[in-house]
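Coordinate analysis (summary)
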Amino acid sequence: MTGPRTKHSAAAAWWVLRRAGVAAATLLAASALIFAATQVEPGDAAAARLAGRGASPARIAELRHTLGLNRPAWERYGDWLWSALHGDLGRSYATGEPVSSLITERAGNSLILGLVAAALLVPSAVGLGLWAGLRAGRTADRLVSTGTLALVSLPEFVIGTLLIQILAVGTGWLPAVSVPPTGQGPLSQPQILVLPVLTLLSVCLAQNVRLVRAGVTEAAASDAVRTARLGGVPEHRVVLRWVLPAALVPAIPVLARYLAYLLGGTLVAETLFGYPGLAAALVNATAARDAPVVLGVGMLVAVVTVTLNLLADVLAAALNPAIRRPS
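Residues numbered from 1 in each chain as written. Predicted model: local features only at pLDDT ≥ 70, side-chain atom pairs only at ≥ 80, totals over all residues. Heavy atoms only, no water.

Within the largest apolar cluster, 40 residues are counted, with the highest numbers of intra-cluster contacts made by Leu121, Val243 and Leu262. If you list the elements that add at least two residues to this core, you get helix H5 (99-133), helix H8 (194-220), helix H9 (223-230), helix H10 (235-263) and helix H13 (291-319). Tallying contributions element by element places H10 first for this core, with 14 residues. Of all hydrophobic cores here, the second largest spans 18 residues; its members include Val99, Ile103, Ala107 and Ala285. (Core = buried A, V, L, I, M, F, W, Y, C linked by side-chain atoms within 4.5 Å. Buried < 20%, exposed > 50% of the residue type's maximum accessible area, 1.4 Å probe, protein only. Helix = DSSP H or I, 4+ residues; strand = E, 2+ residues; numbered from the N terminus.)

What follows deals with the packing of aromatic side chains. Per the counting criterion, the structure on display carries one aromatic pair. Aromatic side chains Phe35 and Tyr77 sit 5.3 Å apart centroid to centroid with 45° between the ring planes, which places their arrangement in the tilted category. With Phe35 in helix H1 (residues 4-40) and Tyr77 in helix H4 (residues 73-85), this residue pair connects regions lying 42 residues apart in the sequence. (Phe/Tyr/Trp six-rings, centres within 6.5 Å; stacked < 30°, edge-to-face > 60°.)

With that out of the way, let us pick up the pattern of salt bridges. Scanning the model with the defined rule gives six salt bridges in all. Asp313 is the partner of Arg19 in a salt bridge, and the nearest nitrogen-oxygen pair spans 3.8 Å. Taken together, the positions of Arg19 in helix H1 and Asp313 in helix H13 put the pair 294 residues apart, joining distant regions of the chain. For Arg19, a relative accessible area of 28% gives the class partly exposed. A relative accessible area of 28% means that Asp313 is categorised as partly exposed. A salt bridge links Arg71 to Glu75; the shortest N-O distance between them is 3.2 Å. (Salt bridge = Lys/Arg side-chain N within 4 Å of Asp/Glu carboxyl O.)

Here's what the structure looks like:
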């Protein structure tokens, strides 16, 4: 016999499979859009490599033939997609280096930066949002709300510039640039990570604190919480059983998007501090019309973003099964 629990498990599995199918379709669409964007730019990799050296049109045409740029765009996209599905992202038009090697090297640096920021973001956002939300209207709540509003109002590059001026130029406590020594990774000198991480956290943390704080405030005023408190349930159990899950359900998808932003390479912070991550590689590849690198980096960011959003959807649905019901 098929019981309610079995039906519930089957429905949940089907819901996850449908979400996974949507995620796969999204990645396919993203690859087509990124490839199309590389074709819209004027010129190509052959012209970008040789034009500055005064090469003749015949030499540029020869390199274009060597790189396969004279083939139809749809044919090149199809070849790239087929290779990518088999784990081969091609070679850089500019250097001939395998794209996977370049991504591995740069992604490691971006991943370190993103993981440090993410490790601070999640507990800080949930902790500060919960702390302020449970003290709604009091001095602590007003201080947190005012501080986060100020941070949200400032663009990331402004905050980064102010941090450089105060903590690097003014006091000399931290380096103004975040370039690790040759042959070494960022963790060999952890101090170079401080300013980029603070810059990344400035906007991400403020917006997530405000979101969690709003959810906690709403959940704390619910009938379930009032009933539990009137029934003498200890406050820590009220928070863990009713307030925190209700506040996190709407916050999880947004938090996942910010985690994807942190882990996928952060253009402003990496550019501002000269950090050798994925964002710098993407900027250089775009300038060189290096489509395989642009596609490889772009798809890595897309895969991270889509995967984190899928996991966030599954986690939110686990906390609130009503999300899985069709509207």
